[in-house]
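# Understanding the architecture of this molecule
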Amino acid sequence: MSDIATTTDAELMEGPAFVRGQPLAPLPPPIKEGGAVGWMRKNLFSGVLNIALTIVCAALIVWIVPPLIKFLVIDAVWNGSGRADCLQQPGQPEIGACWAYVFDKISFFTYGFYPIGERWRVDVFFALLTIGVGWMAWLNAPRRDICMIYFFIVLPAASLILLLGWPPIGLPKVATTQWGGVLVTVVVASVGIVFSLPIGIVLALGRRSKMPAVRLFSVMFIEFVRGVPLITVLFMASVMLPLFVPDTWSPDKLLRALVGVSLFAAAYMAEVVRAGLQAIPKGQFEGAMAVGLGYWQTMRFIVLPQALKITIPNIVNTTIGLFKDTTLVFIVGIFDFLMTVEAGRGDPAWATPVTSTTGYAFAAIFYLVFCYGMSRYARFVEARLAAGDRR
Amino acid sequence: MALANSALKPAPLKTGVAVDMIGVHKWYGDFHVLRDINLRVTKSERIVICGPSGSGKSTMIRCINRLEEHQKGSIIVDGTELANDLKKIDEVRRDVGMVFQHFNLFPHLTVLENLTLAPIWVRKQPKKEAEEIAMHYLQRVKIPEQAGKFPGQLSGGQQQRVAIARALCMNPKIMLFDEPTSALDPEMVKEVLDTMVQLAEDGMTMLCVTHEMSFARQVANRIVFMDEGQIVEVNEPKAFFDNPQHERTRLFLSQILH
Ligand SMILES: Nc1ncnc2c1ncn2[C@@H]1O[C@H](COP(=O)(O)OP(=O)(O)OP(=O)(O)O)[C@@H](O)[C@H]1O
Ligand SMILES: [Mg+2]
């Protein structure tokens, strides 16, 4: 205070010593950031570590990608009718993927041993499923309430009738032991999802329930299932399930696996849904209670619609995991897509050095396409939800 | 409009006493939040509740529709005693409307859906009738043109008016307000208070936690002052402001009225 009091007028005219009288010399202009060079400088070469990583990645790409393309595309055999076409010949010293083999086997990979005359039923099933998935995935679709009914009630019922057959309406029975390939993979994955989501929601609600018995059961189920590998669950389902039902019932092998996969996935879905439920503010429950809505009405109209929406990306991620895990059902003797590829390897008509590699490459591409598609979708929904929050 | 007129007036009480709290105590664990609350609110009475932060005002009015449970004493809402009977709790909640500080609107539903959800599913009103009533109340709170929007697209004052309309659509006998204006920008406070004044003029029984003292002066029949979980003083507005009986009331008023 005393400093200010003793400041004279003359000093004030000059201004205090800490105020610069002269303007600063301008800084040098920043290095040009635009264009490809600028982008690379900023993103790939911005520091020692970054430069090192860039070089390592580039080396990896150079090492892996060209041989892969050479094998999968350039040297590949696209047409042919037997092993002779995929063997080394004087004119073709290097043989790549034998796609001719895949084209020849594609129906086997898709339908397994499903009777040839009835395969149209599988195609119809694929079409119905595609409609359902497309409708579900389209966030602004009209009548999403009908879509729910279609996806969770109509589709399962129709698929059951179509695939298993129902003689009264002229569809001969097809035993599940004849099912195989992509059909089984898709059935296991979609049954897993269609059942695991509702069961998971119930378990998630149970885990937050005020009733101790319900809560205890939910926690025990979730923690137990999450604590053991899927293979164990599958073994248990296929060995133990028959013990719980009457002998005459003797559940089908595929059904046992489906129960196992659904329960396994349900435990994971429950945790995903629980995270969504926890994100709903307390005020929403109170607002609902205050207008007189009951517990189930509050859940149905207020909490679940909001919780599930923010949970979609995580549900899709869980689905990706489930889709890949379906390959494990071979362990209880079910002929899924990967098993058909495995079986195709042994066909003497196509026995060549590249047959196995081609089969596995095809399987890898199949899983990659589906999982990458789902992953992109999850990203898209995430971005949409983030944009919605800013509204 | 083909609406039954009775649907738009406050529903009549079965008894002359809207809310009767007798010796109510409540604890959060060891913490004694409400200590021996005795308060009788008669038909069409407007009660304003004030007091320092943490004094238990919210807790007290939230006990009236069982958003909080009391452990001792009894609370009788229009002849129905609140106990562990879920049926009775639902009954009371249907007849008691509540407006919150942070609105608690349902963000995924449009304004109109926010208003009609409970009448349709709780009161079992036909959808068309529920929508007509909802539009009527939206007109009363002066935002009928916002019916198709989502809550997130409205201003705070508009959201709070929607929240009031949402409570009114259930045709309540009693309205509870928990600091309805304290989350609002100053210029929006008036529009919400005006709505509440109008409601009071229609004869609604109201319990309102607020620090809007001009509102209290204008509307309240009685002002309740709470501190540390107790009702310290209850008085008519004039006497309350001009001649507070207790030291704590005087201190509080001096802080709040500057
Ligand atoms: N769920 C809870 N668990 C434990 N203590 C709580 C809980 N809710 C409130 N309290 C405590 O109870 C006391 C009263 O809270 P209440 O919200 O009723 O106060 P208030 O008078 O409404 O205050 P404000 O003016 O800040 O809203 C506070 O001390 C608070 O910390
Ligand atoms: Mg409060």
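Before any of the text, the structure's been laid out above.
First things first, this report covers the structure right here in the doc. All figures in this text were calculated on a predicted structure; none of them were measured in a lab.

### What about the nonpolar core?
- Counting 75 residues, the largest nonpolar core has A:F109, A:Y114, A:F125, A:L163, A:W179, A:L183 and A:F337 as the members making the most contacts within it.
- Excluding its chain neighbours within four sequence positions, the residues that come into contact with A:W179 are A:Y111, A:Y114, A:L163, A:L164, A:V174, A:V184, A:V187, A:L254 and A:F335.
- Formed by 49 residues, the second largest nonpolar core is a distinct cluster that contains B:V99, B:A167, B:F177 and B:V219.

### Brief notes about the pairing of strand β8 (residues 205-209) of chain B
All names here are of chain B.
- In terms of burial, β8 is largely enclosed, as 5 of its 5 residues are buried.
- Going residue by residue along β8, you find T205, L207 and V209 tucked away on one face and M206 and C208 tucked away on the opposite face as well.
- As paired elements, strand β3 (residues 46-50) and β8 share 4 bridges and run parallel to each other. For I49, the partnering residue across the bridge sits in β8 and is V209.
- Read as a crossover between parallel neighbours, the route from strand β7 (residues 174-178) over helix α6 (residues 186-201) to β8 is right-handed.

### Some thoughts on the pattern of salt bridges
- Counted according to the given criterion, the structure contains 24 salt bridges over all chains.
- In this structure, B:K173 engages B:D78 in a salt bridge whose closest nitrogen and oxygen atoms are separated by 3.2 Å. In this pair, B:K173 sits in the loop between α5 (156-169) and β7 while B:D78 sits in the loop between β4 (72-77) and β5 (80-81), placing the two residues 95 residues apart along the sequence. Both residues of the pair, B:K173 and B:D78, count as buried.
- Note that B:R248 and B:D227 form a salt bridge whose closest N and O atoms lie 3.4 Å from each other. With a gap of 21 residues between them, B:R248 in helix α9 (residues 247-257) and B:D227 in strand β9 (residues 222-227) connect regions that are remote in the sequence.
- For B:R248, a relative accessible area of 35% gives the class partly exposed.
- Through salt bridges with shared partners, one network takes in A:R207, A:E223, A:E271 and A:R274.

### Points about the interface of chain A and chain B
- Contact residues are listed per partner, giving 18 residues for chain A and 23 residues for chain B.
- On inspection of chain A and its partner chain B, the count reaches 1 salt bridge.
- A salt bridge links A:E286 to B:R62, with the shortest nitrogen-to-oxygen separation between them at 2.7 Å.
- Where chain A packs against chain B, one counts 6 residue pairs in polar contact (both at pLDDT 80 or more).
- Residue assignment for the side of chain A that touches chain B shows that the elements contributing at least two residues are α12 (282-290) and α13 (295-325) of chain A.
- Per-element tally for the side of chain A that touches chain B: the top contributor is α12(A), with 8 residues.
- Classifying every residue of the side of chain A that touches chain B by side-chain character gives 8 nonpolar, 6 polar and 4 charged.

### Here's the deal with a nonpolar patch on the surface
Residue and element names in this part refer to chain A.
- A surface patch of nonpolar side chains, amounting to about 1200 Å² of accessible area, comprises V56, L60, I61, W63, I64, V65, L68, I69, V73, I74, W78 and F103.
- No other element matches helix α4 (residues 48-74), which puts 10 residues into the nonpolar patch.
- In this fold, I61 is placed in helix α4.

### Considering the packing of helix α5 (residues 99-111) of chain A against helix α6 (residues 119-137) of chain A
Residues and elements named next belong to chain A.
- The N-to-C vectors of α5 and α6 enclose an angle of 70°; their axes lie 11 Å apart at closest approach. Classified by the angle their axes make, α5 and α6 are roughly perpendicular. You can see that α5 and α6 cross each other, and the crossing is left-handed. The segment α5 lies against α6, with S107, T110 and Y111 engaging R119, V122, D123 and F126.

### With respect to the environment of B:S55
Residues and elements named next belong to chain B.
- Tracing the backbone shows S55 in the loop between β3 and α1 (57-64).
- Taking the relative accessible area as the measure of exposure, S55 reaches 2% and is therefore buried.
- Sequence spacing of S55 and G229 is 174 residues, and the spatial spacing of their C-alpha atoms is 5.2 Å.
- Every residue in contact with S55, bar those within four places of it in the chain, is listed here: V33, M226, D227, E228 and G229.
- A polar side-chain atom of S55 sits 2.6 Å from the main-chain carbonyl oxygen of P52.

### Some words on the packing of aromatic side chains
- This structure, assessed with the given rule, holds 27 aromatic pairs over all chains.
- Seen in terms of ring centroids, A:Y101 and A:F109 are 6.2 Å apart; in terms of plane orientation they differ by 80°. Their pairing is edge-to-face. The same class applies to A:Y101 and to A:F109, which are both buried.
- Seen in terms of ring centroids, A:F366 and A:Y367 are 5.2 Å apart; in terms of plane orientation they differ by 80°. Their pairing is edge-to-face.
- Here a set of aromatic residues connected by ring pairs shows up, and it is made of A:Y101, A:F108, A:F109, A:F113, A:F323, A:F335, A:F337, A:W350, A:F362, A:F366, A:Y367 and A:F370.
- Across from the ring centre of B:Y28, 4.7 Å away, lies the NZ or CZ of B:K26, which sits over that ring.
- Taking NZ or CZ as reference, B:R217 lies 4.3 Å from the ring centre of B:F241, over its face.

### Section: the site of ligand 1
All names here are of chain B.
- All residues adjacent to ligand 1 are Y28, F31, V33, P52, S53, G54, S55, G56, K57, S58, T59 and E179.
- Between ligand 1 and S58, the relevant distance is 2.6 Å, taken from an oxygen atom to a side-chain nitrogen or oxygen of the residue.
- A distance of 3.1 Å is found between an oxygen atom of ligand 1 and a side-chain nitrogen or oxygen belonging to E179.
- The protein chains hide 59% of the 630 Å² of surface that ligand 1 would expose on its own.
- In terms of residue count, α1 provides more of the shell around ligand 1 than any other element does, 3 residues in total.
- Grouping the constituent residues of the shell around ligand 1 by class yields 4 nonpolar, 6 polar and 2 charged.

### A short note on the environment of A:R345
Residues and elements named next belong to chain A.
- Its location among the elements puts R345 in the loop between α14 (337-344) and α15 (355-389).
- Using a relative accessible area of 35% as the deciding quantity, one classes R345 as partly exposed.
- Taking C-alpha positions, R345 is 31 Å from P251, a pair spaced 94 residues apart along the chain.
- Ignoring any residue separated from it by four or fewer positions in sequence, one finds R345 in contact with Y101, S356 and Y360.

Rules behind the numbers
- Residues numbered from 1 in each chain as written.
- Chains lettered and ligands numbered in written order.
- Predicted model: local features only at pLDDT ≥ 70, side-chain atom pairs only at ≥ 80, totals over all residues.
- Heavy atoms only, no water.
- Core = buried A, V, L, I, M, F, W, Y, C linked by side-chain atoms within 4.5 Å.
- Buried < 20%, exposed > 50% of the residue type's maximum accessible area, 1.4 Å probe, protein only.
- Contact = heavy atoms within 4.5 Å.
- Helix = DSSP H or I, 4+ residues; strand = E, 2+ residues; numbered from the N terminus.
- Pairing = 2+ DSSP bridges.
- Right-handed = clockwise from strand over helix to strand, strands pointing away.
- Salt bridge = Lys/Arg side-chain N within 4 Å of Asp/Glu carboxyl O.
- Polar contact = N/O pair within 3.5 Å; in protein donor to acceptor, adjacent residues only side chain to side chain.
- Nonpolar A, V, L, I, M, F, W, Y, C, P; charged D, E, K, R; others polar.
- Patch = residues over 30% accessible without salt bridge, like charges linked within 9 Å, V, L, I, M, F, W, Y side chains within 5 Å.
- Areas by Shrake-Rupley, 256 points an atom, 1.4 Å probe, with all protein chains shown as cover.
- Axes fitted to C-alpha atoms, helices over the stretch in contact; angles between N-to-C directions.
- Parallel < 35°, antiparallel > 145°, perpendicular 65-115°, else oblique.
- Left-handed = near helix turned anticlockwise from the far one by under 90°.
- Phe/Tyr/Trp six-rings, centres within 6.5 Å; stacked < 30°, edge-to-face > 60°.
- Lys NZ or Arg CZ within 6 Å of the ring centre and 35° of its normal.
- Near = heavy atom within 4 Å.

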